[in-house]
Amino acid sequence: PFAWVTTHVKPERDKNRREVTKINWWKFGEKRPAMRLAMAGLRLYFTVSRVSKWFMFIPAQINWLPGDSTTVVVADDFYILGILTSQVHRLWVMAQSSTLEINRRYTHNSCFETFPFPQQVAAALVRDIREAMQNLHQYRTAQMGAKQWGITQLYNSFYDEPTSELFKLHEKLDKLVLRAYGWAPEDDILGKLLELDRELAALEKRGEVVIGPKGVRV
């Protein structure tokens, strides 16, 4: 068996861009020990399907093993989930995501790592966003359970319906997140995100503090 792997697997692994996979060419390559270590101690984590219409992150139980078709955010703060669920983040994703046939693909390096989180948010507003996201999560979890629907069917049915509770909960969350950025609904949100992204990149280059998805718990 080892000779077979040497003949058939090593040539492919020699071309792999991930150095640890190339060096350990005989080992299974997707164990993700760094991710597992980072998730240790969390009560849950957030995940999103890489190919989707809606790109809605959901909380996942810590004992669920994420598959290769998902992107994982190692966090358990619903404030962070609220920012990632907001229309602000979805606008960024629509602009930054790649395409896969007729669908869009959430790529961590272009959609998440470049996304500028709001800076210097008041503690009360952080708590309000966290509470709004918890309420949204509880509502859609209850609806999916009662209707035996997945999240895609729920959003296809109610996200664009102004009279629906799902629409109203998202509207409340979006208003709070805009307040966290200090922007108005009529602003060019994508343009402001690009400007903020450049500002934060310059701050980071100078070694100054930039607030990302960590260090925001209040």
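Residues numbered from 1 in each chain as written. Predicted model: local features only at pLDDT ≥ 70, side-chain atom pairs only at ≥ 80, totals over all residues. Heavy atoms only, no water.

### Section: the overall build of the chain
What counts here: The helix and strand labels rest on DSSP assignments: H or I over at least four residues marks a helix, E over at least two residues marks a strand, and numbering proceeds from the N terminus. Buried residues are those whose accessible area, probed at 1.4 Å on protein chains only, stays under 20% of the maximum for their type, while exposed residues exceed 50% and partly exposed ones sit between those limits. Residue contacts are defined here by distance: any two heavy atoms, one from each residue, within 4.5 Å place the two residues in contact.
What the chain contains, in helices and strands, is 11 helices and 6 strands. Counting only C-alpha atoms, the chain reaches 65 × 50 × 40 Å along its principal axes. Within the span of the chain, comprising 218 residues, buried residues form 37% of the whole. Once local pairs closer than 6 in sequence are excluded, the contacts in the chain between residues at least 24 apart make up 60%.

### Describing unusual backbone geometry
Even without a glycine there, the phi angle at phenylalanine 55 is positive, about 55°. Mapped onto the elements, phenylalanine 55 comes out in the loop between β2 (51-52) and β3 (58-61). Even without a glycine there, the phi angle at glutamine 120 is positive, about 55°. Structurally, the position occupied by glutamine 120 is in the loop between α7 (108-112) and α8 (123-147). For glutamine 120, a relative accessible area of 69% gives the class exposed.

### Describing the pairing of strand β1 (residues 44-49)
Quick reminder of the rule: Paired strands, as defined in this entry, are two strands with at least two bridges between them according to DSSP.
Within β1, 5 of the 6 residues are buried, which leaves it mostly tucked inside the rest of the structure. Pairing between β1 and strand β4 (residues 70-73): 4 bridges, direction antiparallel. Residue pairing in the sheet places phenylalanine 46 in a bridge with valine 73 of β4.

### Concerning the nonpolar core
Where we set the bar: What makes a nonpolar core is a set of buried Ala, Val, Leu, Ile, Met, Phe, Trp, Tyr and Cys residues whose side-chain atoms join them at distances within 4.5 Å.
Val88, Ile129 and Tyr181 are the most contacted members of the largest nonpolar core, which totals 47 residues. Where this core is concerned, the elements lending two or more residues are β1, α5 (78-85), α6 (87-96), α7, α8, α9 (151-158), α10 (165-181) and α11 (189-205). By residue number, the principal contributor to this core is α10, which donates 8 residues. For tyrosine 181, the residues in contact, after removing those within four places along its chain, are Ile83, Val88, Phe115, Pro116, Phe117, Pro118, Leu193 and Leu196.

### Quick look at the pattern of salt bridges
The following threshold applies: The rule for a salt bridge is simple: a side-chain nitrogen of Lys or Arg has to be within 4 Å of a carboxyl oxygen of Asp or Glu.
Tallied over the full model, the rule gives 7 salt bridges. Of the charged contacts, one joins arginine 43 and aspartate 76 as a salt bridge, the two residues approaching to 3.8 Å between their closest N and O atoms. Separated by 33 residues along the polypeptide, arginine 43 in the loop between α4 (33-39) and β1 and aspartate 76 in the loop between β4 and α5 bring together distant segments of the chain. The exposure class of aspartate 76 is buried, given its relative accessible area of 12%. A salt bridge links glutamate 208 to arginine 206; the nearest nitrogen and oxygen atoms lie 2.9 Å apart. With a relative accessible area of 39%, glutamate 208 lands in the partly exposed category.

### Details of α6
Residues Val88, His89, Arg90, Trp92 and Val93 constitute the buried set of α6. Elements in contact with the buried residues of α6: α5, α7, α10 and α11.

### Considerations on the side chain of arginine 90
Heads up, the condition is: Here a polar contact is taken to be a pair of N or O atoms separated by no more than 3.5 Å, where protein atoms must pair a possible hydrogen donor with a possible acceptor and residues adjacent in sequence count only if both atoms sit in side chains.
Its place among the elements puts arginine 90 in helix α6. A polar atom in the side chain of arginine 90 sits 3.1 Å from the backbone oxygen of tryptophan 54. Setting aside residues no more than four positions away along its own chain, arginine 90 makes contact with Lys53, Trp54, Met56, Thr85 and Tyr159.

### Things to note about the sheet that holds β3
For clarity, the cut-off: In this analysis, axes come from line fits to C-alpha atoms, helices being fitted only over the stretch in contact, and the angle between any two N-to-C directions falls in the range 0 to 180 degrees.
The strand order across the open sheet formed by 3 strands is β3-β1-β4, and the pairing between neighbours is antiparallel. Each of the sheet's edge strands pairs with one partner strand only, and the pair in question is β3 and β4. Neighbouring strand axes in the sheet, compared pairwise and without regard to direction, differ in orientation by 45° on average.

### Notes on the environment of threonine 107
With respect to the helices, strands and loops of the structure, threonine 107 is situated in the loop between β6 (103-105) and α7. Sequence separation between threonine 107 and threonine 70 is 37 residues; the distance between their C-alpha atoms is 9.8 Å. Contacts of threonine 107, omitting those with residues within four sequence positions, involve Gln96, Ser98 and Phe112. Reaching out from threonine 107, the side chain makes a polar contact with the side chain of serine 110 at a distance of 2.3 Å.

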